[in-house]
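# A closer look at the structure
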Amino acid sequence: MSHIRLETKGQIAFLTINRPGSLNSFNYEALVELGHKVDTLHSTREVRAIIITGEGDKAFSAGADLRERKGLGEAEVRRNVKKIRDVFNSIAQLPQPTIAAVNGYALGGGFELMLACDFKIAAEHAEMGLTEVSWGIIPGAGGTQRLTRLVGEMKAKELIFTARKINAHEAFHCGILTKVVSKNSLIPCCLSLAEEIIQNAPLAVAQAKYAIQYGADHDIQTGLAFEANAYEVIIPTRDRMEALEAFSEKRRPVFIGK
């Protein structure tokens, strides 16, 4: 059975962690499979938005598979941590917008996967937290950095040092989540956002994501340089001319990603 399920519906891809018996936790095999699926999506231009979720309604992901970790030597632990860090970085660097559909527990690495996504929409019953210090480790897949950039240094320290689990409404008020919805509304809400995004020029969306993401970690002048470079990529595209022609012809543009 596949640990990671990849399905496409039109221009939207669903990436589902399919280990519900282990609360969708990640063993090494699942991480490798997730990495392959992400690499496929990176080069699939027909896909313009990606929704990431967990199988069932109990967990988005509970993070690392601790049953596997217990039997690993130090070298294997380092291998697993590098793999999860690299895979989540690849998710963060996808050109398509990514939406985490948080359908339950998002703990440890599951929380870090959520943080690597552009948007995070959670069901109101979801609980989340970076609980690693309670297991004698620290967040190792981007949690210390991405959470700090979302909520600030002091709040990130509070959540990480205490290993505290918070509910979806608390996470929303902290600025971690885009939206909190009912369990039954979660996927429709994520689909609605994805469908709104894919109406627009995919190359422009990808370049806007690039400029925001890479410019945010620099001073404004460097950020403006990222923006200018991203704009240069868009100028010669057929989609830019299509938008102008559609405007003059009073119709919706048909974007082809070229």
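Throughout this description, residue numbers start from 1 for each chain and increase along the sequence as written. In keeping with the predicted nature of the model, local features appear solely for residues at pLDDT of at least 70, side-chain atom pairs appear and are counted solely at 80 or more, and the whole-chain, interface and lining totals rest on all residues. Heavy atoms throughout the structure, all of them, feed into the side-chain values; hydrogens and water do not.

## Topic: the overall build of the chain
Each helix is a run of H or I in the DSSP string that is no shorter than four residues. Each strand is a run of E no shorter than two, and both are numbered from the N terminus. Check the secondary structure of the chain and you find 11 helices and 10 strands. Computation of the radius of gyration draws on C-alpha atoms, with the globule rule given as 2.2 Å multiplied by the number of residues to the power 0.38. By the compact-globule yardstick of 18 Å for 258 residues, the chain fits well, its C-alpha radius of gyration being 19 Å. Structurally, the chain occupies a C-alpha span of about 60 × 45 × 35 Å along its principal axes. For every residue, the accessible area obtained with a 1.4 Å probe (protein chains only) is divided by the maximum for its type, and the residue is called buried under 20%, exposed over 50%, and partly exposed between those limits. Per-residue burial over the chain gives 45% buried out of 258 residues. By definition in these notes, contact holds between two residues if any of their heavy atoms fall within 4.5 Å. Here the contacts in the chain between residues at least 6 apart in sequence split such that 68% fall between residues at least 24 apart. As displayed, the chain offers around 13,400 Å² of accessible surface, 56% of which is attributable to carbon and sulfur atoms. Accessible areas in this description were obtained via Shrake-Rupley with a 1.4 Å probe; residue shielding takes into account the shown protein chains only.

## Regarding the environment of leucine 130
Mapped onto the fold, leucine 130 is located in the loop between strand E8 (127-129) and helix H5 (143-151). When the C-alpha positions of leucine 130 and aspartate 65 are compared, they lie 15 Å apart, and in sequence the two are 65 residues distant. Once residues within four sequence positions are removed from consideration, leucine 130 is found in contact with Gly108, Phe111, Glu112, Pro139, Gly143, Leu147, Leu159, Ile160 and Ala163.

## Remarks on the sheet that holds strand E5 (residues 98-102)
In spatial order, the strands read E1-E2-E3-E5-E7-E10; together these six strands make up an open sheet with mixed pairing. At either end of the open sheet lies a strand with only one pairing partner, and these are strand E1 (4-9) and strand E10 (179-181). Each neighbouring strand pair of the sheet contributes to a mean axis angle of 20°, computed without reference to strand direction. Across three bridges, the pairing between strand E7 (residues 119-123) and E10 is parallel. Bridge assignment links alanine 123 to a residue of E10, and that residue is valine 181. Helix H1 (residues 28-42) rests against E1, strand E2 (12-17) and strand E3 (49-54) of the sheet, and its axis sits at about 25° to E1. Only strands joined by at least two bridges in the DSSP assignment are considered to pair. In this analysis, axes come from line fits to C-alpha atoms, helices being fitted only over the stretch in contact, and the angle between any two N-to-C directions falls in the range 0 to 180 degrees.

## So, the environment of lysine 157
With respect to the element layout, lysine 157 can be found in helix H6 (residues 153-162). A C-alpha to C-alpha distance of 9.3 Å links lysine 157 and leucine 147, two positions 10 residues apart in sequence.

## Quick look at the packing of aromatic side chains
Planes of paired rings set the category: under 30 degrees apart is stacked, over 60 is edge-to-face and the rest tilted, where pairs are Phe, Tyr or Trp rings (Trp by its six-membered ring) whose centres lie within 6.5 Å. This model, assessed by the stated rule, comprises four aromatic pairs. Ring centres of tyrosine 214 and phenylalanine 226 lie 6.3 Å apart, and the angle between their planes is 35°; this geometry places the pair in the tilted category. Taken together, the positions of tyrosine 214 in helix H9 (residues 202-215) and phenylalanine 226 in helix H10 (residues 220-234) put the pair 12 residues apart, joining distant regions of the chain. Classification of phenylalanine 226 as buried rests on a relative accessible area of 17%.

Such coordinate-based values are descriptive only and should not be taken to indicate function.
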